[in-house]
Amino acid sequence: MIAEETLLNELRRPETLDKAFEVLVNTYKERLYWHIRRIVLNHDDSDDVLQNTFIKVYKNINGFKGESQLYSWMYRIATNESLTFLKKKSNKMGISDAELQDRMVSNLQADVYFDGDEIQIKLQEAIARLPEKQKLVFNMKYFQEMKYEEISGILHTSVGGLKASYHLAVKKLEAFLKED
């Protein structure tokens with residue numbers, strides 16, 4: 001894997017931009033896809049949001065100040081693109097965000113790219129009911145095994161606040177899963 005500083009330098013030079021961007025996409029596309037997928041839940045929607053994320057990264061790479069790691073910056077863009085996509089989708093359908101989440105979870109069983117069993121669907125349903133911030137923190141910590149410091153850089157929230165959000169999310173998930 002190419003060093004981040006080297007990659008950034010190549011992304012900022014017109015003569016190496018295209019090749020460096022290809023390296024960037026190949027390096028991060030799978031991680032970003034799964035991050036997005038855990039937010040929007042649908043494969044096709046995830047692909048669309050991932051493409052929008054990389055377009056935004058490409059257009060704004062020269063504006064990246066280096067105050068955080070490159071992947072943290074891209075995760076932030078992917079998170080914002082995902083949340084914007086869901087907001088637009090719920091507005092377009094004329095339904096609330098909560099109702100959209102319920103529909104998305106219901107559609108998981110019909111999604112040919114989702115191979116989870118009944119327990120996975122129940123877990124996704126429980127996660128969908130979490131407040132947005134708790135959902136993001138839980139997904140990043142639990143599924144992507146990110147450190148609180150990394151999540152802090154992406155969500156611009158203190159580590160203490162993230163720990164509290166994760167703890168509350170886990171308690172809510174446990175309660176929801178025990179309901180049956």
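Residues numbered from 1 in each chain as written. Predicted model: local features only at pLDDT ≥ 70, side-chain atom pairs only at ≥ 80, totals over all residues. Heavy atoms only, no water.

In the annotation of an unreviewed UniProt entry, the protein is listed under the name RNA polymerase sigma factor and assigned to Maribacter aquimaris. Turning to the protein, the UniProt record has this under Sequence similarities (unreviewed entry): "Belongs to the sigma-70 factor family. ECF subfamily." (UniProt positions renumbered as here; feature names shortened; annotations may be inferred.)

A.B. asks: Hey, could you run me through the pattern of salt bridges in this one?
C.D. replies: Once their charged atoms are close, side chains differing in charge can pair, the charge on each being opposite to the other. Across all of its chains, the model carries seven salt bridges by this definition. The shortest N-O distance in the salt bridge between Arg13 and Glu15 comes to 3.0 Å. Between Glu174 and Lys171 there is a salt bridge, with its nearest N and O atoms 3.8 Å apart. Taken together, the residues span about one helical turn, with Glu174 and Lys171 both in helix α9 (residues 159-178) at a distance of three residues. For Glu174, a relative accessible area of 37% puts it in the partly exposed group. (Salt bridge = Lys/Arg side-chain N within 4 Å of Asp/Glu carboxyl O. Helix = DSSP H or I, 4+ residues; strand = E, 2+ residues; numbered from the N terminus. Buried < 20%, exposed > 50% of the residue type's maximum accessible area, 1.4 Å probe, protein only.)

A.B. asks: I tried to follow the packing of helix α6 (residues 118-128) against helix α7 (residues 132-143) on my own but got confused; where do I start?
C.D. replies: Helix packing for two helices is described by the angle between their axes and how far apart those axes are. Two elements in contact, α6 and α7, have axes whose closest approach is 10 Å; the angle formed by their N-to-C orientations is 140 degrees. Taken together, the axes of α6 and α7 lie oblique to each other. Contacts between α6 and α7 involve Leu123, Gln124, Ile127 and Ala128 from the former and Lys135, Phe138, Asn139 and Phe143 from the latter. Residues that form the contact of α6 with α7 fall into these classes: five nonpolar, two polar and one charged. (Axes fitted to C-alpha atoms, helices over the stretch in contact; angles between N-to-C directions. Parallel < 35°, antiparallel > 145°, perpendicular 65-115°, else oblique. Contact = heavy atoms within 4.5 Å. Nonpolar A, V, L, I, M, F, W, Y, C, P; charged D, E, K, R; others polar.)

A.B. asks: I keep staring at the environment of Ser165 and nothing clicks. Help me out?
C.D. replies: Position of Ser165 among the secondary structure elements: in helix α9. Along the backbone, Ser165 and Lys135 are 30 residues apart, and their C-alpha atoms lie at a distance of 8.7 Å. Contacts of Ser165, omitting those with residues within four sequence positions, involve Lys133, Gln134 and Val137.

A.B. asks: Sorry, what's going on with the UniProt feature "domain: RNA polymerase sigma factor 70 region 4 type" (unreviewed entry) in the protein here?
C.D. replies: Under the UniProt annotation, "domain: RNA polymerase sigma factor 70 region 4 type" (unreviewed entry) lies at residues 122-173. In residues 122-173, the share of helix is 81% and the share of strand is 0%. The end C-alpha atoms are 10 Å apart.

A.B. asks: What's the story with the domain arrangement of the protein in this structure? I'm lost.
C.D. replies: How large an interface is tends to be reported as the accessible area lost when its parts come together. Along its sequence, the protein is carved into domain 1 (1-95) and domain 2 (116-180). Spacing between the C-alpha centres of domain 1 and domain 2 amounts to 22 Å. Domain 1 puts 12 residues into the contact, and the matching count from domain 2 is 13 residues. Of the roughly 1,100 Å² buried at the junction of domain 1 and domain 2 (both faces included), carbon and sulfur atoms supply 61%. Among the residues of domain 1 in contact with domain 2, Arg38, Tyr71 and Arg76 are the three that bury the most area, contributing 45% of the side total. Taken together, domain 1 and domain 2 are joined by zero salt bridges. Viewed at the interface, domain 2 and domain 1 are joined by three residue pairs in polar contact (both at pLDDT 80 or more). (Domains from an automatic or database assignment. Buried area = accessible area lost by both parts, 1.4 Å probe. Polar contact = N/O pair within 3.5 Å; in protein donor to acceptor, adjacent residues only side chain to side chain.)

A.B. asks: Mind showing me how you'd approach the side chain of Arg38 here?
C.D. replies: For Arg38, the location among the structural elements is in helix α2 (residues 17-40). Buried charged residue Arg38 carries no salt bridge. Nearest counter-charge: Glu30, at 9.1 Å. Filtering out sequence-adjacent residues up to four positions away, Arg38 remains in contact with Asn139, Phe143 and Gln144. (Lys, Arg positive; Asp, Glu negative; His and termini not counted.)

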